Amino acid sequence: MTKRSLWRLIFTTLICGACAYFFVPLSKVRLGLDLKGGVHFELEVQGHEALEADLRDTRDRLLDRLHEKGFPEAVAHLEGMTVKAEGVPADRQAEAQKILNGFSGYDAAFSGDTLTLSQKAGYQKSLKDDANKRAQQIIENRINQFGVAEPEITPTGAEGNRIVVELPGVGDAERERIKGLLTTPGRLEQRLVAKQDTTNGIGWRTREEAMGHFAGHLPPGTELLPLPLSEREARREGKAFQAPAAGQPDPIRSWVLVEEKVYVDGADITKADPTVNSQTDQYEISYVLNKKGADDFYNLSGIASEENRRIAVVLDRKVVSVLWCKEKIPGGAVRITGQFSKEEADDFALKLKSGAMRASMKFLEERAMGPSLGADSIASGVRGALIGFLTVIGFMVFYYRWSGVNAVVALTVNIIVMLGLMGSFHAVITLPGIAGFALTVGMAVDANILIFERIREELGNGKSVAGAIQTGFDRVFWTIVDSHVTQLVSAILLFIFGTGPVKGFAVTLTVGVTASLFTSIYISRFIYDWILERHPGTRTLSI
């Protein structure tokens, strides 16, 4: 063997060894949902909620700024998709205009003593885009912290407001918990129970009863929020409890009147954990606030203790706990008590740790596949691929004789390189991916057939074996490159615009085309060159 052939053999061996490292043992190969089993969700970010949340924040900030700048009579409220602030006299509009420098995303209009703010179109788009990115990031955080291995989380949709979540290996028992984690924003707020609340934070049994108490009109700056009834509370109070069906609202214990103003929100939380109270054996949630949050909570607890009012802890616009506060609380360490089960406390803390979405998610599609169906698919796919592979081997050896063996060796290297590339990219093999695998094996054989037929023609024209091999490879080179590049472009387009199994097919096709190009041109040629070295001057070729 010449030095050149030895280096080519070493290079080929190293390539095969490196590829084998990524898929041996076969447990390294990642399987998609259709093969491993699991759940597939498609969710849509409710962008309008992000706009509404920003309006509420703007209302609170605007009111604080007006009070600071000498407009003590000002009141602010939401009206449709606008913020209206009343109590801004017409002769002081110039002063009010200076306050608006911090509200660049809003158009301002004065009418009498009313200031109206409305969101600009560009600002609304940026809010929705931010909500989409934040939702994807938080979903990734929550899924990772929940402990699901190898999740696939992909943004999709023309507006980028849809997210596809694929979770291999997730069973029915975990599915509903994960759905709850994905759909709820996890927005924590701490507010004051309204002064006008005559129930001491216990609330009214129904919303109608509360509205009747206030003659159909809630006091300005307040709103009614539900306090859900937990199963443990129902048992303790001797009430019948029926867990809500999927997608149905929780049973409500009472309606609590709270101030609209948010004093502390979840953005200031730095740490959150579920804990067990050693005295009551009840699950609680403890969290720690940053410096800003600690200062805000200190002020909030000061107001609550001085005015003998209660603090409402609100999660996703539901009251989860109502706390007494006898004195100012420094330090920023807060504990939420309630009737939590272990799972509820775990999920509550997980939501706080992963951050709050700007908008909730709506389920558009949900699919589940059991692992047994996936195992059947694997068995069928492997059986089909083996039958196809053996058939190809038989045909090539029968029709092209020893040159057919050349093709079989190239095909074997092709499969090793394909599996290695897929393993190195951490690609997921799906059922369509197996189809792509079989397809590219056929394409690899097709390239060899082109080469062999061309060599046959050159031999028939009277050329020597070495000359026929050289001409055969030279003349089909660009034909093979053209056909492979065309398929590569198709595969890339499928990968960009496809989702789920289609992407799996595209990845397999891309890898297969690349491997086929390498083996048909390089490996087959190397084998012929090596044969010519061993039999220089040969006059016949088995083809």
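To be clear, the structure that these remarks concern was listed above.
Calculation rules
- Residues numbered from 1 in each chain as written.
- Predicted model: local features only at pLDDT ≥ 70, side-chain atom pairs only at ≥ 80, totals over all residues.
- Heavy atoms only, no water.
- Pairing = 2+ DSSP bridges.
- Helix = DSSP H or I, 4+ residues; strand = E, 2+ residues; numbered from the N terminus.
- Axes fitted to C-alpha atoms, helices over the stretch in contact; angles between N-to-C directions.
- Contact = heavy atoms within 4.5 Å.
- Buried < 20%, exposed > 50% of the residue type's maximum accessible area, 1.4 Å probe, protein only.
- Expected span 1.5 Å × (residues − 1).
- Patch = residues over 30% accessible without salt bridge, like charges linked within 9 Å, V, L, I, M, F, W, Y side chains within 5 Å.
- Areas by Shrake-Rupley, 256 points an atom, 1.4 Å probe, with all protein chains shown as cover.
- Salt bridge = Lys/Arg side-chain N within 4 Å of Asp/Glu carboxyl O.
- Left-handed = near helix turned anticlockwise from the far one by under 90°.
- Nonpolar A, V, L, I, M, F, W, Y, C, P; charged D, E, K, R; others polar.
- Phe/Tyr/Trp six-rings, centres within 6.5 Å; stacked < 30°, edge-to-face > 60°.
- Core = buried A, V, L, I, M, F, W, Y, C linked by side-chain atoms within 4.5 Å.
- Arc of directions from axis to C-beta.

Some words on the sheet that holds strand β2 (residues 38-45)
Across the sheet, four strands lie side by side as β7-β8-β2-β18; this open sheet has antiparallel pairing. The sheet terminates laterally at β7 (152-156) and β18 (361-369), the two strands that pair on one side only. With strand direction ignored, the average angle separating the axes of adjacent strands in the sheet is 15°. Across five bridges, the pairing between β7 and strand β8 (residues 162-168) is antiparallel. Paired with P155 across the bridge in β8 is I163. Sitting on the sheet, helix α6 (residues 172-183) touches β2, β8 and β18, and the angle it makes with β18 is about 155°.

Focus on the pairing of strand β6 (residues 114-119)
In terms of burial, β6 is a largely internal element, five of the six residues being buried. Where strand β4 (residues 82-86) lies against β6, five bridges are found, and the strand directions are antiparallel. Among the inter-strand pairings, E86 is bridged to a residue of β6, identified as T114. Pairing of strand β5 (residues 106-111) with β6, which is carried by six bridges, proceeds in the antiparallel orientation.

Some thoughts on the sheet that holds strand β16 (residues 318-323)
The strand order across the open sheet built from four strands is β12-β9-β15-β16, with neighbouring strands paired in antiparallel fashion. For this open sheet the edge positions go to β12 (264-265) and β16, each flanked by a neighbour on one side alone. Here five bridges tie strand β15 (residues 311-315) to β16, and the two strands are oriented antiparallel to one another. Residue pairing across strands places L315 opposite K318, the latter belonging to β16. Across the sheet, helix α9 (residues 291-306) is in contact with β9 (188-192), β12 and β15; its angle to β9 comes to roughly 30°.

Here's the deal with α9
The end-to-end C-alpha distance of α9 is 23 Å, a good match for the 22 Å that 16 residues give at a rise of 1.5 Å each. Along α9, the residues that are buried comprise G293, A294, F297, L300, S301, G302 and A304. N308 sits one or two positions beyond α9 and adopts a positive phi of about 55°.

Remarks on a nonpolar patch on the surface
A surface patch of nonpolar side chains, amounting to about 780 Å² of accessible area, comprises M1, L6, W7, L9, I10, L14, W530 and I531. Taken together, the elements giving at least two residues each to the nonpolar patch come down to α1 (3-23) and α14 (501-534). With five residues, the single largest contributor to the nonpolar patch is α1. With respect to the element layout, L9 can be found in helix α1. Residue classification places L9 among the partly exposed residues on the basis of a relative accessible area of 36%.

Quick notes on the packing of helix α12 (residues 431-460) against helix α13 (residues 465-497)
Axis angle and axis distance: for two packed helices, these are the angle between their axes and the distance between the axes, and together they describe the pair. One way to put it is that α12 packs onto α13 with a least axis distance of 8 Å and a crossing angle of 145°. Both α12 and α13 take part in a crossing whose hand is right-handed. Within the contact between the two elements, α12 uses M443, A447, L450, I451, R454, I455, E458 and L459 and α13 uses V465, A468, I469, T471, G472, F473, R475, V476, T479, I480, H484 and Q487. Taken together, the residues that form the contact of α12 with α13 break down as 12 nonpolar, five polar and three charged.

Concerning the pattern of salt bridges
Tallied over the full model, the rule gives 23 salt bridges. With a shortest N-O distance of 3.3 Å, R454 and E457 are connected by a salt bridge. With R454 and E457 both in helix α12, this residue pair falls three residues apart, about one helical turn. With its nearest N and O atoms 3.6 Å apart, the salt bridge here joins K463 to E458.

Notes on the packing of aromatic side chains
What the rule picks out here adds up to 12 aromatic pairs. Geometrically, the ring pair formed by F395 and Y399 is stacked, given 5.4 Å between the ring centres and 10° between the ring planes. With a gap of four residues between them, F395 and Y399 both fall in helix α11 (residues 371-424), about one helical turn apart. A residue is classified by how much of its surface remains accessible, and F395, at 40% relative accessible area, is partly exposed. Residue classification places Y399 among the partly exposed residues on the basis of a relative accessible area of 38%. Geometrically, the ring pair formed by F473 and Y528 is edge-to-face, given 6.2 Å between the ring centres and 75° between the ring planes. In this pair, F473 is assigned in helix α13 and Y528 in helix α14, connecting sequence segments 55 residues apart. Here F473 and Y528 have matching classes, each one buried. In textbook terms, an aromatic cluster arises when at least three aromatic residues are bridged by ring pairs, as seen for F395, Y399, Y400, F452, F473 and Y528.

Here we look at the nonpolar core
I451, F452, I455, I469, Y528, L541 and I543 are the most contacted members of the largest nonpolar core, which has 42 residues in total. Where this core is concerned, the elements lending two or more residues are α1, α11, α12, α13 and α14. Element by element, the count of residues in this core is highest for α11, at 12 residues. Beyond its immediate stretch of four places on either side in the chain, Y528 contacts S403, N406, F452, I455, I469, F473, L541 and I543. Core analysis: the second largest hydrophobic core is formed by 24 residues, L188, Y263, L289 and F348 among them.

With respect to α1
Taking 1.5 Å of rise per residue, the 21 residues of α1 would be expected to cover 30 Å, and the 31 Å separating its terminal C-alpha atoms lies within 8% of that figure. Of all the positions in α1, only S5, R8, T12, C16, C19 and F23 are classed as buried. The arc enclosing the buried residues of α1, seen along the axis, measures out at 65°, which places them on a common side. The exposed residues of α1 that point more than 90 degrees off its buried face are K3, W7, L14 and Y21.

What about the environment of W530?
Among the secondary structure elements, W530 is positioned in helix α14. Once the C-alpha coordinates of W530 and C325 are considered, the two residues, 205 residues apart in sequence, prove to be 87 Å apart.

Here's the deal with unusual backbone geometry
Trans is the prevailing form of peptide bonds, just as negative phi is the prevailing case for residues other than glycine. A positive phi angle, close to 55°, is found at A215, a residue other than glycine. Counting through the fold element by element, A215 comes out in the loop between α7 (207-213) and β10 (222-228). Unusually for a residue other than glycine, R401 sits at a positive phi of about 50°. Structurally, R401 is set in helix α11.

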